[in-house]
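What the coordinates show
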Amino acid sequence: MTDPIDGAALLDEVEAFHRRFNVFPREAAYAAVALWDAHAHLFEGFDSTPRLAFLSPEPGSGKSRALEICETLTPRPLLTVNPSANALFRVVSDPAGRPTILFDEIDTIYGPKANGNEELRAFLNSGYRRGASSLKCVGEGSNQTATPFPSFCAVAVAGLGSLPDTILTRSIIVRMRKRAPNEMVEPYRQRIHEKEGHALRDRLAEWADQVRDAVTDAWPTLPDGISDRPADVWEPLLAVAEAAGGTWPERARQACIELVAAAKDGDPASVGVQLLTDLRDKVFQGADRMPTAAILGVLLTLDDAPWGDMNGRPMTNRGLARMLGEYVTADNKPIKPRSIRTSSGVPKGYYAEDLADAWSRYCPPPTWAAATSATSATPQVTGGAAVADTSDVADTTATPLLAIARTA
């Protein structure tokens, strides 16, 4: 029988190994990545396995190096770029054990130029949950049988830009940056340092065998406010931290709170919520209806919002309709533009009563006092006022938008 391994001290060493070669943007990221490395040796005991996502806006930010360090520390690592879905399904089905997939250049699969990778995206999206599989026909000609291929395995990715919410919400997100002149790391030499990482990996595997039963039966207490998908993401890492002991349970909870909040702040998946909030606080502001042209006229003036550059083009009436159509009214019907009767025509637009349910469900409390110069240009429409008539709007700065509304 082998001597018990001090899990806390071992995680300290894993973290220190990352620090030699990686500069992460937050202290919390070092704890999270070390815990993720350890969880990869134990993931089959959990109901879910979080993805680890190293993302950056520019090349040369250390994403690939972070994956390389994870490769030395995780079991059966498979560092790959642009694999086929069929290859991954077969690798995960290997009787020798499921791999840890380390997927570099993930933007080639999810980025704006990606095309025809639906199966691969489905594999990455579904495989975070125990029991996930894909049903495929195996055989030749008419002699084929439907065979389930599992997709549940530990996955880390690295890429430029961001990712869809289907994978971001299942991920520990580390937003990498180029190193500043005062941020120094040790040059990584595979022939030398890989052996050091493998020694840590072997000790992690031995420690995992010692705590496997305890971790599998663990139900760690989640920090206040962590529920739903973030709870699925962090529960395995918190269980690993509790098994390790020492300062790791507290560090893990602090990292959980910090990184979940950071993900919400920078998550492009919340662009719909931003749209709803901007409509409520900067466009409608108490009005009961608004023509589409007037709405766009205000949205496109907001310097701190993405509406002027939606994949290289400003938001259009179709884009607005498409985004709002993802939400529903209080009657559970998709939000759609409706005709607005005015003294000079019947333009299409939106009613506050259709948006009210989505506002109450998704948006933070309103901050009416934080009006910007753009909101002063918002044509206020209440009680059937004629939005295309400047006499109904006290603020003459609205004239350009009202001109737009006349042509709607």
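Everything discussed here concerns the structure shown above.
A few points on the structure. (Residues numbered from 1 in each chain as written. Predicted model: local features only at pLDDT ≥ 70, side-chain atom pairs only at ≥ 80, totals over all residues. Heavy atoms only, no water.)

Section: the pattern of salt bridges
- The final tally for this structure, using the stated rule, is 20 salt bridges.
- The closest approach of N and O atoms between Glu15 and Arg251, which form a salt bridge, is 2.8 Å. Here Arg251 lies in helix 10 (residues 248–266) and Glu15 lies in helix 1 (residues 7–21), a separation of 236 residues in the sequence.
- Among the salt bridges present, the one from Arg253 reaches Glu242, with a minimum N-O distance of 2.6 Å. Residue Arg253 is found in helix 10, and its partner Glu242 is found in helix 9 (residues 228–244); the two are separated by eleven residues along the sequence.
- Judged by its relative accessible area of 16%, Arg253 is buried. (Salt bridge = Lys/Arg side-chain N within 4 Å of Asp/Glu carboxyl O. Helix = DSSP H or I, 4+ residues; strand = E, 2+ residues; numbered from the N terminus. Buried < 20%, exposed > 50% of the residue type's maximum accessible area, 1.4 Å probe, protein only.)

A few points about the nonpolar core
- If you look at the biggest cluster of nonpolar residues, it comprises 84 residues, and the most contacted ones within it are Phe24, Leu52, Phe54, Trp207, Trp234 and Trp248.
- When residues in this core are grouped by element, the largest group, ten residues, is from helix 2 (residues 27–39).
- If we ignore the near neighbours within four places in the chain, the residues touching Trp207 are Ile5, Gly7, Leu10, Ala38, Leu42, Val240, Ala243 and Ala244. (Core = buried A, V, L, I, M, F, W, Y, C linked by side-chain atoms within 4.5 Å. Contact = heavy atoms within 4.5 Å.)

Some words on the packing of helix 11 (residues 271–284) against helix 12 (residues 292–299)
- With their axes 10 Å apart at the nearest point, helix 11 and helix 12 run at an angle of 100° to one another. On the basis of the axis angle, helix 11 is roughly perpendicular to helix 12. Residues Leu275, Asp278, Leu279, Lys282, Val283 and Phe284 of helix 11 form the contact with helix 12, whose own contacting residues are Ile295, Val298 and Leu299.
- For the contact of helix 11 with helix 12, the class distribution of residues is seven nonpolar, no polar and two charged. (Axes fitted to C-alpha atoms, helices over the stretch in contact; angles between N-to-C directions. Parallel < 35°, antiparallel > 145°, perpendicular 65-115°, else oblique. Nonpolar A, V, L, I, M, F, W, Y, C, P; charged D, E, K, R; others polar.)

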